[in-house]
Amino acid sequence: MILLLAGTTEARKLSWLLNDYGLEALASLAGETAEPEKLGIPTRVGGFGGAMAFRAFLDDNNVSAVVDATHPFAVSITRRTARICEEKGVPYMQLERPMWEPEPDDEWWFVDDLAEAGKHIPEGAKVFAAVGRKAAEELDLPNRELYVRTVDPQEDTENIKFITGRPPFSQAEEVELFKSLGIDWIIAKNSGGATDGKLLAARELHLPVLMQSRPKAPVTQCRERVQDVLDWLLDL
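The notes below deal with the structure included here. Please read all numbers here as calculations on a predicted model, not as lab measurements.

Overview of the sheet that holds strand S11 (residues 209-212)
So, point 1. With respect to topology, 6 strands assemble into an open sheet ordered S6-S11-S10-S7-S8-S9, the strand pairing being parallel. Edge positions in the open sheet fall to strand S6 (108-111) and strand S9 (160-164), since each of these has one partner strand only. Along the sheet, successive strands turn relative to each other by an average axial angle of 25 degrees, direction set aside.
So, point 2. Across 4 bridges, S6 lies against S11 in parallel orientation. In the strand pairing of S11, Phe110 is matched with Met211.
So, point 3. In this fold helix H7 (residues 197-205) packs onto S6, strand S7 (126-130), strand S10 (185-189) and S11, with an angle of close to 145 degrees to the strand it touches most, S11.

The structure is reproduced here in structure tokens:
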């Protein structure tokens, strides 16, 4: 059985291809979203319970290959999965979309840690942070107006105003949103893939972007295209 660690658009695309090819596979979601989009294969939700439990899961379910298509910033999961698969001799492949690169008209400020945001974003700014609820709550941005978009509704806090929406969002939709809120700065993680609507909108509106650089994943087998991962699975 193929185990697909899902949670990205690419994982969803691969799941439907696995279904089309009739390959025995199981998807696993972390459970961050209350109502995730449907996948093309049977799906479990929730963590595995640590390294020992993950090893046991691989054995108990006769897992023949693991595809890691989790978020590019879920580095701890990727490191653990790659290590355990190597130890057990289970074929492992990471599906990691290429990083975004700034165009000449973009004003991007790269940081390794979002804690550096306050050094770049001036007080009084209206900020749209596309970094998820947990990361946004760790931002230290006093005297700024902070907006965060989440898939599931959230209660506003003293420091954050939440907006509900499910991606993807077009450039036009993001332009309209940023104009209506009077946004001055964008905060994003370099998740990569197709150029994102918010980044295109930032370019159109000449908004600066604070971009968190992608952490380094373990050196292992990696593909950037869904089709290449499918071909790898078919060749096993």
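A closer look at the side chain of Ser15
So, point 1. By secondary structure assignment, the location of Ser15 is in helix H1 (residues 9-20).
So, point 2. Looking at Ser15, its side chain comes within polar contact range of the main-chain nitrogen of Gly40, at 3.1 Å.

Points about the layout of surface pockets
So, point 1. Space inside the second largest pocket adds up to approximately 240 Å³.
So, point 2. As for the second largest pocket, its lining consists of 15 residues, of which Leu141, Arg144, Glu158, Asn159 and Ile160 are closest to the centre.
So, point 3. Elements represented by at least two residues in the lining of the second largest pocket include exactly helix H5 (133-137), strand S8 (145-150) and S9.
So, point 4. Here the lining of the second largest pocket is built from residues that sort into 6 nonpolar, 3 polar and 6 charged.

Concerning H7
The α-helix winds at 3.6 residues per turn, so residues separated by three or four positions along the chain end up facing the same way.
So, point 1. Among the residues making up H7, those that are buried are Gly197, Lys198, Leu199, Ala201 and Ala202.
So, point 2. Looking at the buried residues of H7, the elements they touch are S6, S7, helix H6 (171-181), S10 and S11.
So, point 3. Positive backbone phi, at 60 degrees, marks His206, one or two positions downstream of H7.

Details of helix H2 (residues 51-60)
So, point 1. Within H2, burial applies to Phe54, Phe57 and Leu58. Taken down its axis, H2 places every buried residue within 100 degrees of arc, on the same side. Away from its buried face, by an angle of more than 90 degrees, H2 presents the exposed residues Met52 and Asp60.
So, point 2. Where H2 is buried, its residues meet strand S1 (2-5), strand S2 (25-29), strand S3 (43-45), strand S4 (65-68) and helix H3 (75-88).
So, point 3. Count one or two residues on from H2 and you reach Asn62, which has phi positive near 50 degrees.

Some thoughts on the packing of H6 against H7
So, point 1. Where H6 contacts H7, the two axes come as close as 8 Å, and the packing angle between them is 60 degrees. Here H6 is positioned oblique relative to H7, judged by the angle of their axes. Judged by the twist between their axes, the crossing of H6 over H7 is right-handed. Taking contact as the criterion, the partners of Gln171, Glu174, Val175, Phe178 and Lys179 in H6 are, on H7, Gly197, Lys198, Leu200, Ala201, Glu204 and Leu205.
So, point 2. Residue composition of the contact of H6 with H7, by class: 5 nonpolar, 2 polar and 4 charged.

Some details on the packing of H2 against H3
So, point 1. At a closest axis distance of 11 Å, the pairing of H2 and H3 adopts a crossing angle of 50 degrees. Taken together, the axes of H2 and H3 are oblique relative to one another. Relative to H3, the crossing made by H2 is right-handed. Where H2 approaches H3, its residues Ala51, Phe54, Arg55, Leu58 and Asp59 are matched on the opposing element by Arg80, Thr81, Arg83, Ile84, Glu87 and Lys88.
So, point 2. Broken down by class, the residue content of the contact of H2 with H3 amounts to 4 nonpolar, 1 polar and 6 charged.

Describing the nonpolar core
So, point 1. One finds Leu4, Leu14, Leu18, Val67, Val229 and Leu233 to be the most contacted residues of the largest nonpolar core, which totals 21 residues.
So, point 2. Counting residues per element, this core draws most heavily on helix H8 (residues 226-235), which supplies 5 residues.
So, point 3. Filtering out sequence-adjacent residues up to four positions away, Val229 remains in contact with Leu14, Val67, Met93, Leu95 and Arg223.
So, point 4. Counting residues in each nonpolar core, the second largest holds 19 residues, with Val111, Ala129, Ala135 and Ala136 among its members.

What counts and what doesn't
- Residues numbered from 1 in each chain as written.
- Predicted model: local features only at pLDDT ≥ 70, side-chain atom pairs only at ≥ 80, totals over all residues.
- Heavy atoms only, no water.
- Pairing = 2+ DSSP bridges.
- Helix = DSSP H or I, 4+ residues; strand = E, 2+ residues; numbered from the N terminus.
- Axes fitted to C-alpha atoms, helices over the stretch in contact; angles between N-to-C directions.
- Contact = heavy atoms within 4.5 Å.
- Polar contact = N/O pair within 3.5 Å; in protein donor to acceptor, adjacent residues only side chain to side chain.
- 1 Å grid on protein atoms, 1.4 Å probe; cavity = no way out; pocket = protein on both sides within 12 Å on 5 of 7 lines; lining within 4 Å.
- Points joined across faces, edges and corners; volume = space filled by probe spheres on them.
- Nonpolar A, V, L, I, M, F, W, Y, C, P; charged D, E, K, R; others polar.
- Buried < 20%, exposed > 50% of the residue type's maximum accessible area, 1.4 Å probe, protein only.
- Arc of directions from axis to C-beta.
- Parallel < 35°, antiparallel > 145°, perpendicular 65-115°, else oblique.
- Left-handed = near helix turned anticlockwise from the far one by under 90°.
- Core = buried A, V, L, I, M, F, W, Y, C linked by side-chain atoms within 4.5 Å.

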